[in-house]
Protein chains: 2
Amino acid sequence: MSIRIGIIGYGNLGKGVEIALRQAKDMELAAVFTRRDPGSVKILTEGVPVVSTADLEAWKDKIDVAVICGGSATDLPVQTPQYAALFNVIDSFDTHARIPEHFANVDAAAAAAGHVALISCGWDPGLFSLARAYTNAILPNGKDYTFWGKGVSQGHSDAIRRIPGVKNAKQYTIPVDAALEAVRSGETPELTTRQKHTRECFVVLEDGADAAAVEKQIVEMPNYFADYDTTVHFIGEEEFKRDHSGMAHGGFVFRSGRTGVSDEHQHIVEFSLKLDSNPEFTTSVLVAYARAVYRMQQEGQKGCKTVFDVAPAYLLDMSAEDMRAHLL
Amino acid sequence: MSIRIGIIGYGNLGKGVEIALRQAKDMELAAVFTRRDPGSVKILTEGVPVVSTADLEAWKDKIDVAVICGGSATDLPVQTPQYAALFNVIDSFDTHARIPEHFANVDAAAAAAGHVALISCGWDPGLFSLARAYTNAILPNGKDYTFWGKGVSQGHSDAIRRIPGVKNAKQYTIPVDAALEAVRSGETPELTTRQKHTRECFVVLEDGADAAAVEKQIVEMPNYFADYDTTVHFIGEEEFKRDHSGMAHGGFVFRSGRTGVSDEHQHIVEFSLKLDSNPEFTTSVLVAYARAVYRMQQEGQKGCKTVFDVAPAYLLDMSAEDMRAHLL
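Residues numbered from 1 in each chain as written. Chains lettered and ligands numbered in written order. Predicted model: local features only at pLDDT ≥ 70, side-chain atom pairs only at ≥ 80, totals over all residues. Heavy atoms only, no water.

A.B. asks: Before we go on, may I ask you to explain the interface of chain A and chain B in this structure?
C.D. replies: Interface size is often expressed as the accessible area that is lost when the parts come together. Across the boundary between the two partners, chain A contributes 63 residues, which contact 63 residues of chain B. The junction of chain A with chain B conceals about 5,600 Å² of combined surface from both sides, 65% of it contributed by carbon and sulfur atoms. Applying the counting rule to chain A against chain B returns zero salt bridges. Counting across the chain A and chain B interface gives 29 residue pairs in polar contact (both at pLDDT 80 or more). Those elements that place two or more of their residues in the side of chain A that touches chain B are α3 (99–113), α4 (127–138), β12 (249–259), β13 (265–275), α10 (278–298) and α11 (320–326) of chain A. (Contact = heavy atoms within 4.5 Å. Buried area = accessible area lost by both parts, 1.4 Å probe. Salt bridge = Lys/Arg side-chain N within 4 Å of Asp/Glu carboxyl O. Polar contact = N/O pair within 3.5 Å; in protein donor to acceptor, adjacent residues only side chain to side chain. Helix = DSSP H or I, 4+ residues; strand = E, 2+ residues; numbered from the N terminus.)

A.B. asks: Could you clarify how one ought to interpret the relation of the copies chain A and chain B in this entry?
C.D. replies: Note that the two copies of the chain are related through a rotation about an axis and a translation along the same axis. Mapping chain A onto chain B calls for a rotation angle of 180° and an axial translation of 0.0 Å; the resulting RMSD is 0.0 Å. Expressed as a symmetry operation, the mapping of one chain copy onto the other fits a two-fold axis. Within chain A, the C-alpha atom positioned nearest to the axis of rotation is that of Ala311(A), 1.9 Å from it. Residue by residue, 100% of the interface of chain A is reproduced at the interface of chain B, so both copies engage with the same surface. (Least-squares fit on C-alpha atoms with pLDDT ≥ 70 in both.)

A.B. asks: Explain the pattern of salt bridges to me, please; I cannot follow it from the model alone.
C.D. replies: Two side chains carrying opposite charge are able to pair once their charged atoms lie near each other. Counted under the stated rule, the structure contains 30 salt bridges over all chains. Where Lys143(B) meets Glu190(B), a salt bridge forms, and the shortest distance between an N and an O atom there is 3.4 Å. Here Lys143(B) is found in strand β7 (residues 142–148), whereas its partner Glu190(B) is found in the loop between α6 (177–184) and α7 (193–196), with 47 residues between them in sequence. A relative accessible area of 26% places Lys143(B) in the partly exposed class. Overall, Glu190(B) belongs to the exposed group, its relative accessible area being 66%. Each member of the salt-bridge network shares a partner with another, and the members are Glu181(A), Arg184(A) and Glu270(A). (Buried < 20%, exposed > 50% of the residue type's maximum accessible area, 1.4 Å probe, protein only.)

A.B. asks: When you look at the sheet that holds strand β13 (residues 265–275) of chain B in this model, what are you seeing that I'm missing?
C.D. replies: Where strands meet in a sheet, backbone hydrogen bonds hold them as pairs that are either parallel or antiparallel. Read from one edge to the other, the open sheet built from six strands follows the order β7(A)-β12(A)-β13(A)-β13(B)-β12(B)-β7(B), with strand pairing classed as antiparallel. Taken across any chain shown, the strands that pair with only one partner, and hence form the sheet edges, are β7 (142–148) of chain A together with β7 of chain B. The mean inter-strand angle of the sheet, taken between neighbouring strand axes irrespective of direction, is 10°. With respect to the sheet, α4(A) is in contact with β7, β12 and β13 of chain A, its orientation differing from that of β12(A) by roughly 5°. (Pairing = 2+ DSSP bridges. Axes fitted to C-alpha atoms, helices over the stretch in contact; angles between N-to-C directions.)

A.B. asks: I tried to follow unusual backbone geometry on my own but got confused; where do I start?
C.D. replies: Trans is the prevailing form of peptide bonds, just as negative phi is the prevailing case for residues other than glycine. Residues and elements named next belong to chain A. Between Gly149 and Lys150 the backbone carries a cis peptide bond, its omega angle lying at 0°. Take Lys150: it is sitting in the loop between β7 and β8 (151–152). Here Ser120, not a glycine, exhibits a phi torsion of approximately 60°, which is positive. Among the structural elements, Ser120 can be located in the loop between β6 (116–118) and α4.

A.B. asks: I tried to follow the packing of aromatic side chains on my own but got confused; where do I start?
C.D. replies: Two measures describe an aromatic ring pair: the distance that separates the ring centres and the angle between the ring planes. According to the stated counting rule, one finds 13 aromatic pairs over all chains in the structure shown. Between the aromatic rings of Tyr134(A) and Tyr134(B), the centroid separation amounts to 6.1 Å while the plane-to-plane angle is 75°, which identifies the pairing as edge-to-face. Residue Tyr134(A) is located in helix α4, and its partner Tyr134(B) is located in helix α4 (residues 127–138); the two belong to separate chains. Both residues of the pair, Tyr134(A) and Tyr134(B), count as buried. Judged by centre distance (6.0 Å) and plane angle (80°), the rings of Phe128(B) and Phe271(B) are edge-to-face. Here Phe271(B) lies in strand β13 and Phe128(B) lies in helix α4, a separation of 143 residues in the sequence. Taken together, Trp123(A), Phe128(A) and Phe271(A) form an aromatic cluster joined through their ring pairs. In this structure, Arg199(A) packs its charged tip against the face of Tyr228(A), placed 4.0 Å from the ring centre. (Phe/Tyr/Trp six-rings, centres within 6.5 Å; stacked < 30°, edge-to-face > 60°. Lys NZ or Arg CZ within 6 Å of the ring centre and 35° of its normal.)

Structure follows, in structure tokens:
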């Protein structure tokens, strides 16, 4: 029997889950839930119902795992605990500082209902967290480096769009090559914020807006841009749509550690991602972990988990024998 | 209470385990076991007994996990099942083709004794296997690439040393840059053996040996060299000792996969290692997994496991709260 997946929220992530499920032979999309009028939401998969989130409770026994595709700022802190009472759930909550609080709320709800919940899944948090965990365990005497990009930062793009006179904007976070190379070559530099990433902005102005004033507001914006070398390009609407609609992203995690009688040996572990579509890769991770959530609950586990709690074997639609023969 | 570790076999790996344990605050070295005369084996750690393997049984209740540091060809197939009857055990068995058979033997012994055994741990098999497993789960529609090196292949060095007229030899396996770059850039080439790696040999000849004849025997050797572009350098004993005594190694695992409504998006995951000391890194992995073996047995698990069966949280000497706060 297939694992029945529900998608809650049908934006970029929801659609990504739908697409990723096509590659999962052991799973099926049971329903898509939306806060909008279900009649207005057109999904890719024939024959799958689009249902109002008002009717979620009726699906309690028809969904094995619900993938919650809301935003981290306001949606997930409310939705994940709420829906963990009804379903096994998984989310991609990525506000690092609030993970302990989110974990506690989701754990209480999931444990009370006998469900398994997995939070903060994707690539960072997610695969990058795994890279940090494995390499910290193996090389306790060492240093971590995480670089993001080249890719679009939604938060920084939004911050630019809030400036008066700005019609549209995209902000790319770019790792500094010299910093990457220093870490990769075995130096263990102390890197400032400015030395790790640069920020490149593509901005469409409203008619009559003052470019110099907008640029000044961007590059001096505290927290977002003031600590970085920032480049601002003003471009036309057409170029913006043509060249800056993509959702590519990526990044690098390094662990540089030492072993030996007198720490004489250095080891460098590098894990990197180059992604054409940030949401589709994120949801590919979510779907693999949804499989794990289902299996863990079938085994009698309950409560909130993270990627640290999941043995890799749970992620694969493959027998243990085949894994040992073909992947080990 | 510390996790009490026994080292069985005191060569490069055994010494590596001893060194890695110095970085593990929650573990202690209880004893080193050797087939040699214990009086002839000098270890680095003060106050730890060196014991004959003939007396292993007496240590049944004084060791929490035994790290078996024998060779894969003849030692481990016998030792790991045998010692799994006495202890929780871990090994670095790396003969890929024989893993299913080794697993079955170790599983039977460990399960009968109520012990946990973990086989084929290190970096390949080990971390590289994990990279393949995670990325196959996340990108089912894709292709794996594994490259090794630059580093010494023990098997190939041994093969050269068996040629008459050869006094000493080291063989380096080197990944071909063009192949690495092709995979990294998003091509998904079909690569022949020759296109993936080159082999570089440093050979010290016996007095009066025929260099041209030795070179011909090396480059034409079936299985080992015939399918590769092989370079042979004849050098003196002194240069050999000075420049070719290191144990550096490394390698790369890639997964190049596609997602999208019509597979229009490509994602490239790269995991790489650059290691000054192959044995010390391997044993750093073994020590982290020894911690997991102990914890899994404490939880009531038994039988043979691989890295696929171990949740990352078991590897770290860190609370779940700290992991979520600092590594997620």
